[in-house]
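A closer look at the structure
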Amino acid sequence: MSDIPLGVLDLIPISSGSTAADALRNSIDLARQTERLGYARYWFAEHHLNPGVAGTSPAVALALTAAATSTIRLGSGAVQLGHRTALSTVEEFGLIDALHPGRLDLGLGRSGGRPPGEKATTATATPVVDGRAPNGLLIPSRFSFEHLLGSPRITLQRKLLLLPGAESQDYAEQIDDILALLAGTYRSPEGIEAHAVPGEGADVEVWILGSSGGQSAEAAGARGLRFAANYHVSPASVLEAVDGYRACFQPSEFLDKPYVSVSADVVVAEDDSTARELAAGYGPWVRSIRTAEGAIEYPTPEEARAHAWSDEDRALVQDRVDTQFVGSAGRVADQLAQLQEATGADELLITTITHDHADRVRSYELLAREWSRR
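Quantities reported herein were computed from a predicted structural model and do not represent experimental measurements.

What about the overall build of the protein?
Secondary structure summary: the protein contains 14 helices and 10 strands in total. Over its C-alpha atoms the protein spans a radius of gyration of 20 Å, differing by no more than 12% from the 21 Å that the globule rule assigns to 374 residues. Summarising its shape, the C-alpha atoms of the protein cover approximately 65 × 45 × 40 Å along the three principal directions. Buried positions account for 53% of the 374 residues belonging to the protein.

What about the UniProt feature "domain: Luciferase-like" (unreviewed entry) in the protein?
Per the UniProt record, "domain: Luciferase-like" (unreviewed entry) is found at residues 6–114 and 183–343. End C-alpha atoms of residues 183–343 are separated by 31 Å, and the span's content is 42% helix alongside 15% strand.

Observations concerning the pattern of salt bridges
Taken as a whole, this structure holds 26 salt bridges when the rule is applied. For Arg223, the salt bridge goes to Asp176, with nearest N and O atoms at 2.6 Å. Placement of Arg223 in the loop between helix H7 (215–222) and strand S7 (226–230) and of Asp176 in helix H6 (residues 171–183) is noted, with a sequence separation of 47 residues between them. Classification of Asp176 by relative accessible area gives partly exposed; the value is 35%. Through salt bridges with shared partners, one network takes in Arg41, Arg73, Asp105, Glu205, Arg226 and Glu347.

Here's the deal with the packing of helix H3 (residues 86–99) against H6
Following both chains from N to C, one finds H3 and H6 inclined at 40°, their axes separated by 9 Å at the closest point. Relative to H6, the element H3 lies oblique. Between H3 and H6 the crossing geometry is right-handed. Counted together, Ala86, Leu87, Thr89 and Val90 of H3 and Gln174, Asp177, Ile178, Leu181 and Leu182 of H6 form the full contact between these two elements. Classifying every residue of the contact of H3 with H6 gives 6 nonpolar, 2 polar and 1 charged.

Things to note about the pairing of strand S1 (residues 6–10)
The two faces of the sheet receive side chains in turn, since in a regular strand these alternate between them. With respect to burial, S1 is a largely interior element, 5 of its 5 residues being buried. Side chains Leu6, Val8 and Asp10 of S1 all project onto a buried face; the interleaved residues Gly7 and Leu9 project onto the opposite face, where all are buried too. By the bridge criterion, 3 bridges tie S1 to strand S10 (residues 347–351) in an arrangement that is parallel. Residue pairing for S10: Gly7 is matched across the bridge by Leu349. The pairing of S1 with strand S2 (residues 41–44) spans 3 bridges and is classified as parallel. Bridge pairing links Asp10 to Phe44 in S2. Note that the unit made of S1, helix H1 (residues 20–37) and S2 has a crossover that is right-handed.

Looking at the packing of aromatic side chains
Inspection of every chain in the model, using the stated rule, returns 9 aromatic pairs. Residues Trp43 and Trp207 carry aromatic rings whose centres are separated by 5.1 Å and whose planes lie at 80° to one another, so their mutual orientation is edge-to-face. In this pair, Trp43 sits in strand S2 while Trp207 sits in strand S6 (residues 204–210), placing the two residues 164 residues apart along the sequence. When its relative accessible area of 0% is taken as the criterion, Trp43 is described as buried. Following the ring pairs from residue to residue traces out a cluster consisting of Trp43, Trp207 and Tyr259. The ring of Tyr259 carries Arg226 above its face, with NZ or CZ at 6.0 Å from the centroid. Sitting over the face of the ring of Phe143, Arg290 holds its NZ or CZ atom 3.7 Å from the ring centroid.

Details of the pairing of strand S8 (residues 260–268)
When you tally the buried positions in S8, you get 9 out of 9 residues, the bulk of the element. Burial of S8 is two-sided: the residues Val260, Val262, Ala264, Val266 and Val268 facing one way and the residues Ser261, Ser263, Asp265 and Val267 facing the other way are all buried. Pairing between S7 and S8: 4 bridges, direction parallel. Following the sheet pairing, Ala229 is matched in S8 by Val262. As defined by bridge partners, S8 adjoins S10 across 5 bridges and the pair is classed as parallel. Across the sheet, the residue bridging to Val262 is Leu348, located in S10.

The rules behind the values
Position numbers for residues count from 1 along each chain, tracking the sequence in the order it is written. At least 70 in pLDDT is required for a residue's local features to be given in this predicted model, at least 80 for side-chain atom pairs to be given and counted, and no such filter applies to totals for whole chains, interfaces and linings, which use all residues. Side-chain metrics in this entry use all non-hydrogen atoms of the structure; hydrogen atoms and water are not considered. Strands are runs of DSSP state E lasting at least two residues, helices are runs of H or I lasting at least four, and both sets are numbered from the N terminus onward. Each radius of gyration reported is based on C-alpha atoms, and the globular scaling rule is 2.2 Å times the count of residues to the power 0.38. Partly exposed residues are those whose accessible area sits between 20% and 50% of the maximum for their type, while under 20% is buried and over 50% is exposed, using a 1.4 Å probe and protein chains only. UniProt positions are given in the numbering used here, feature names are shortened, and annotations may be inferred rather than shown by experiment. Counted as salt bridges are all cases of a side-chain nitrogen of Lys or Arg within 4 Å of a carboxyl oxygen of Asp or Glu. Axis definition: a line fit to C-alpha positions, over the contact stretch in the case of helices; interaxial angles, taken between N-to-C directions, run 0 to 180 degrees. Angle categories: roughly parallel below 35 degrees, roughly antiparallel above 145, roughly perpendicular from 65 to 115, and oblique for all the rest. Note: crossing handedness is left-handed where the near helix turns anticlockwise from the far helix by less than a right angle, and right-handed where it turns clockwise. Only heavy atoms matter for contacts: two residues are in contact if any of them lie within 4.5 Å across the pair. Gly is put with the polar residues, along with every residue not named as nonpolar or charged; the nonpolar set is Ala, Val, Leu, Ile, Met, Phe, Trp, Tyr, Cys and Pro, and the charged set is Asp, Glu, Lys and Arg. Whether two strands pair depends on DSSP finding at least two bridges between them. By convention, orient the strands away from the viewer: a clockwise path from the first strand over the helix to the second makes the crossover right-handed. Here a pair means two rings of Phe, Tyr or Trp (six-membered ring of Trp) with centres within 6.5 Å. Their orientation is stacked below 30 degrees between planes, edge-to-face above 60, and tilted elsewhere. A ring has a charge above it when a Lys NZ or an Arg CZ is no more than 6 Å from the ring centre and no more than 35 degrees off the ring normal.

Here's what the structure looks like:
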């Protein structure tokens, strides 16, 4: 499996008892360490109003990390376009590319949930029988995010991120504007040229991130762009997402065939029992996200065990807990190989959160060593 590159997806998690500054320093150190270990990419996610996540601005995090590394590709996983413009996005990444050319991945995503009226695709070319893909990969029942879309907290986040009266541009149109600004071919409907400086001509790879076979997968495929699917966020629809992307793919100046990355939540330790102990905080952490409270500071194993679980709580997190890959390097590498086989992924994107930074670094180290042997 060593011919399948591994990348890193980082939310800049804040552990209980620490600060956002600690989290950022840890993430920059992790980028240095994973560069040394041979990971291909290091991506930062974007999240807001989360007490336990410091990753609010991928561009800022990338600029800081680019200055501390030299070879690993750096990117956004993803810039959330629902509250940004195409121009601001291109200018931000162009500014970083000016000093660190040829190292950036511009991953684009939507924010605020599925647009009104858009339905998720439920059909997939890959059969799922009794919750399993043909090779046995667990594909759990679909989790409903509808309660999150109506949450007062989500409404407040949208209010704070958007200027009064502002409406998000159509996602596909934003992608086209970004591609045109990067290429220097942008024209307004009235024929007026616009040139982003810095930004125009920036040597960045554009990726589209998606959790279903809907608009994101279609937009990526139709434009011949790279696509990143989320097994770690929405494991129920990962096959739908990659199948939808491939079904829509058209060769382009960027790619002559589909190119897919798939993410997975992973914790590796010297043995299975140690890994399970390190992963104990994952359930309460996911619960805090899915109740729309905002991600809590990542708990210690002792704090996690003190959480009183209700049946409702368990139902909120079951699909995520069941699809987290936890164990020894050999066990987790086997599970990642199964995920790669089921999805046909060209790359895998690994996201690991533990309370202690040293355990997180060690997890990536053990996995890299095992993966390189295969």
